[in-house]
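Chain residues, written in single-letter form:
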Amino acid sequence: MKIDAVIFDLDGVLTDTAEFHFIAWRAIAHKLGVEFSKEDNEALKGVDREDSLKYILAKGKITVNASEFEELLKEKNNHYLTLINDINPSHLFDGVLHCFSILKKANIKIGLASASKNASLVINKLGIDSLFDFVGDAAAVAHSKPAPDIFLSVAQGLNVAPHNCIGVEDAVAGVTAIQSAKMFAVGIGERHVLTQAELVFPTMSEFDFNAVLATFSSRSTT
Ligand code: B16
Ligand code: MG
């Protein structure tokens, strides 16, 4: 079996927007009188906007009505947009461009499967938007990560079979999404966190395409 596409997550894989999500969610949590730690932020990695707010409300045992819920979402996103305003190509993680050029040379398609509704804006600011063959739309899928929907929609957009795709993720929910999509999961981060991933590299600089190819091929033949 061959690899037709590599589908990347955005936050935590190509750039570090987690810190900006943290600042914006902490402001909302404090406004609601809820403590919000780095551990809480870790639990929200890869989790979409609505479910992130539900997590904070549940932590504070707080109930809000539908319009208050929408207002809080809007407030968090406006704050987040202000924080990411200065993102530029220097915020791209080391190793990403090198990895993309290897994939291009090998004729392997590149996709983006982010849970973020701001993903297009972020890749535009990073200067990498033209490098993707297809960018998934988080607003257009029915279920967010850990459901497979966003990864499957990208495979469809790329016109490739899911079992010929590699997914790259930094979050546990994202690795689950990749595997539910019947793709091969590569984790970026810590092995003891991303226990379900087939292969884990500490950072994108250490992403070793030959190792991915070898593990993918050996798995395909077993
Ligand atoms: P937004 P990813 C995810 O992006 C983030 O990890 C997560 O923290 C965030 O809440 C989610 O996007 C939604 O983002 O509010 O911008 O729509 O890791 O899937 O690229
Ligand atoms: Mg992520």
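For clarity, every value in this text was computed on a predicted model and none was experimentally measured.

Structural notes on unusual backbone geometry
Peptide bonds are trans in most cases, and residues, glycine excluded, mostly fall at negative phi.
Working step 1: Following Lys145, the chain continues to Pro146 via a peptide bond in cis, the omega torsion being 15 degrees.
Working step 2: Looking at where Pro146 falls in the secondary structure, it is placed in the loop between strand 3 (134-135) and helix 7 (149-158).
Working step 3: The residue Asn107 is not glycine, and still its phi comes out positive at about 65 degrees.
Working step 4: Tracing the backbone shows Asn107 in the loop between helix 5 (96-105) and strand 2 (109-112).
Working step 5: Not every positive phi belongs to a glycine, and Asn159 is a case in point at roughly 65 degrees.

Comments concerning the environment of Lys182
Working step 1: Examined against the element boundaries, Lys182 turns out to sit in the loop between helix 8 (172-180) and strand 5 (184-188).
Working step 2: Measuring from C-alpha to C-alpha, the distance between Lys182 and Ile87 comes to 33 Å, with 95 residues separating the pair along the chain.
Working step 3: Residues contacting Lys182, with those up to four places away along its chain left out, are Pro162 and His163.

Re the coordination of the magnesium ion (ligand 2)
Working step 1: The protein atoms that coordinate the magnesium ion (ligand 2) are Asp9 (OD), Asp11 (O) and Asp170 (OD), at distances of 2.0 to 2.2 Å.
Working step 2: Each donor residue of the magnesium ion (ligand 2) belongs to the same chain, and together they define the spacing D-x1-D-x158-D. Linking Asp9 in the loop between strand 1 (5-8) and helix 1 (18-31) with Asp170 in the loop between strand 4 (165-169) and helix 8, this pair joins segments that are 161 residues apart in sequence.

Some thoughts on the environment of Leu32
Working step 1: With respect to the helices, strands and loops of the structure, Leu32 is situated in the loop between helix 1 and helix 2 (38-43).
Working step 2: Distance from Leu32 to Leu44, taken between C-alpha atoms, is 18 Å for residues twelve residues apart in sequence.

Quick word on the domain arrangement of the protein chain
Working step 1: Domain annotation of the protein chain identifies domain 1 (5-16 + 88-220) and domain 2 (18-86).
Working step 2: For domain 1 versus domain 2, the distance between C-alpha centres works out to 24 Å.
Working step 3: On the domain 2 side, the residues contacting the 15 residues of domain 1 number 16 residues.
Working step 4: Between domain 1 and domain 2 lies a buried interface of about 1,300 Å² when both sides are counted; carbon and sulfur atoms form 45% of it.
Working step 5: As a salt-bridge pair, Glu50 and Lys117 come within 3.4 Å of each other at their nearest N and O atoms.
Working step 6: Per element, the largest residue contribution to the side of domain 1 that touches domain 2 is three residues, and it comes from helix 6 (residues 119-126).

Procedures and definitions
Residues numbered from 1 in each chain as written. Chains lettered and ligands numbered in written order. Predicted model: local features only at pLDDT ≥ 70, side-chain atom pairs only at ≥ 80, totals over all residues. Heavy atoms only, no water. Helix = DSSP H or I, 4+ residues; strand = E, 2+ residues; numbered from the N terminus. Contact = heavy atoms within 4.5 Å. Donors = N, O, S within 2.8 Å, 3.2 Å for Na, K, Ca; no water. Domains from an automatic or database assignment. Buried area = accessible area lost by both parts, 1.4 Å probe. Salt bridge = Lys/Arg side-chain N within 4 Å of Asp/Glu carboxyl O.

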